[in-house]
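Descriptive analysis of the structure
Spelled out from the first residue to the last, the chains are:
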Amino acid sequence: MNSQPASPTRRNFLVGAATMLGAGAMGIFPASAADAPESLREYAAKKGVLFGSAISNLQLRDAPYSSLLSEQCGIAVPENALKWAALRPTLASFDFSAGDALFQFAHFNNMLFRGHTLVWEQALPKWFQMTVNSVNARQIMLDHISQVVRHYAGKMHSWDVVNEAYRIEDGRPDGLKVTPWLQFIGPEYIEMAFHAAHEADPDAMLVYNENWLEPDDAIAEKKRQSVLAMLTNFRKRNVPIHALGTQSHIYAETNTTGPNYKRFLEQVSDLGLTILVTEMDIRDKQSNTDLGTRDRLIAKQYYDYLSFMLQFKALTAVLTWGLTDRYTWLAQAGSAAKGVPVRPLPYDEDLQPTPSWNAIRRAFEEAPGRSSRGGSA
Ligand code: XIL
């Protein structure tokens, strides 16, 4: 697949980008650029790694973009369609139509599919607050997991069972975030969720997914320690958990390859857990207004971060949170509102590859191979 010659536009881009990244990059080009595989999915697959992206129903109606997704991705994850707000119009009902359409797209295009996310305190439906309390929360959570995971049983590469359960700023000694789930059920809601997911689909890879694990700072370090304590405890007591998802929404200017993060990833690997980069994109502080300068900084961070992550043989998949700046969730946030474009993804708003595309490709090309495709728990 994807063995057709590169389009002139993209071929020129590759040569141009190689020049820009310096002479060292030239050596990795095959004799004829036209013979090179042109998809990140293939560059990743050569090393036993999956590459993919978040997708949404709206995005798939954009034909040029949906064909780009099918060309570039070996795995896809619904950006919002499997969250409670989308799946649960009422307490008594489930609406799988959006999620099923995304699954069909992935399946038709020979992509794996992952689920995001079963338990999170955000993207809850309106009825949640009026309905859920300490008496019924446990049953409602377990019922949701059971029905949703059963619906997709045998079809999922992996499930983000619990998302972002830790927030050091909330001040609890165990580092847990204060959410309705915690308040209504207690800290054991996390392991209960994993047991319920495992029961509903014994073959699915079950993932704990977390944000802000990457920076080399004190808060992130406390979060890493809290998460590691949970993972260690779960492994010791045979709670069915198979992987850590590190979201990797990072900043270009932040050190995300520090020694403490490295040690953490080694410890996670030593627990026998798989590691997934689940939601990568890169913001920058936009201190320089020149787009070329910003793009080079962002591309360098893609290269540095992914080269670092790919050293870990436990890492089996890298997903970015979308492929194009046209639909990035970051466009609605903060600085973008000032009219400065954000450039967090490997394709710009016109679906042209940015230097980040080439940086990701280079990180895959230089990565050590691994046998696992991350397809099983
Ligand atoms: C974001 C989506 O991209 C947005 O469209 C939505 O409005 C809010 O959620 N961490 C996660 C994702 O786990 O689910 C979030 O996705 C981004 C942060």
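These numbers come from a predicted model, not from an experiment. (Residues numbered from 1 in each chain as written. Predicted model: local features only at pLDDT ≥ 70, side-chain atom pairs only at ≥ 80, totals over all residues. Heavy atoms only, no water.)

1. Some words on the overall build of the protein
When you go through the protein residue by residue, the secondary structure sums to 15 helices and 9 strands. Burial statistics for the protein: of 377 residues in total, 57% are counted as buried. Here the protein has roughly 15300 Å² of accessible surface; of this, 52% comes from carbon and sulfur atoms. (Helix = DSSP H or I, 4+ residues; strand = E, 2+ residues; numbered from the N terminus. Buried < 20%, exposed > 50% of the residue type's maximum accessible area, 1.4 Å probe, protein only. Areas by Shrake-Rupley, 256 points an atom, 1.4 Å probe, with all protein chains shown as cover.)

2. Quick look at the nonpolar core
Grouped together as the largest cluster of nonpolar side chains are 100 residues, with contacts concentrated most on M141, W159, V162, Y189, F194 and Y208. Tallying contributions element by element places helix α14 (residues 291–310) first for this core, with 9 residues. Look past the residues within four positions of W159 in its chain and what remains in contact with it is L82, R114, G115, H116, L118, V148, V149, Y152, A204, M205, L206 and V207. In terms of nonpolar packing, the next biggest core, distinct from the first, is built from 11 residues, A54, V77, A243 and W321 among them. (Core = buried A, V, L, I, M, F, W, Y, C linked by side-chain atoms within 4.5 Å. Contact = heavy atoms within 4.5 Å.)

3. Some points on the environment of D203
Mapped onto the elements, D203 comes out in the loop between α11 (189–200) and β5 (205–210). On the accessibility criterion, D203 (64% relative accessible area) is exposed. D203 sits 47 residues away from M156 along the chain, and the two C-alpha atoms are 8.8 Å apart.

4. Structural notes on the confidence of the model for the protein
Across the protein, the average pLDDT comes to 90, with 87% of residues at 70 or higher. Residue range residues 1–33 is modelled with pLDDT below 50. Its contacts to residues more than four positions away, or to other chains, number 48 contacts. (pLDDT = per-residue confidence, 0-100.)

5. A short note on the site of the ligand
Taken together, the neighbourhood of the ligand is formed by E79, N80, K83, H116, W120, N163, E164, Q247, H249, E279, W321 and W329. Contacts to the ligand include K83, whose side-chain N or O atom sits 2.7 Å from an oxygen atom. W321 places a side-chain nitrogen or oxygen 2.9 Å from an oxygen atom of the ligand. Summarising the interface, the protein chains cover 76% of the accessible area of the ligand, which totals 420 Å² for the free molecule. (Near = heavy atom within 4 Å. Polar contact = N/O pair within 3.5 Å; in protein donor to acceptor, adjacent residues only side chain to side chain.)

6. Things to note about the packing of helix α12 (residues 218–236) against helix α13 (residues 259–270)
Following both chains from N to C, one finds α12 and α13 inclined at 5 degrees, their axes separated by 11 Å at the closest point. As summarised for this structure, α12 and α13 are arranged roughly parallel, according to the angle between their axes. Residues E221, R224, V227, L228 and L231 of α12 lie in contact with α13, whose contacting residues are N260, Y261, F264, Q267 and V268. Its residues placed into classes, the contact of α12 with α13 shows 6 nonpolar, 2 polar and 2 charged. (Axes fitted to C-alpha atoms, helices over the stretch in contact; angles between N-to-C directions. Parallel < 35°, antiparallel > 145°, perpendicular 65-115°, else oblique. Nonpolar A, V, L, I, M, F, W, Y, C, P; charged D, E, K, R; others polar.)

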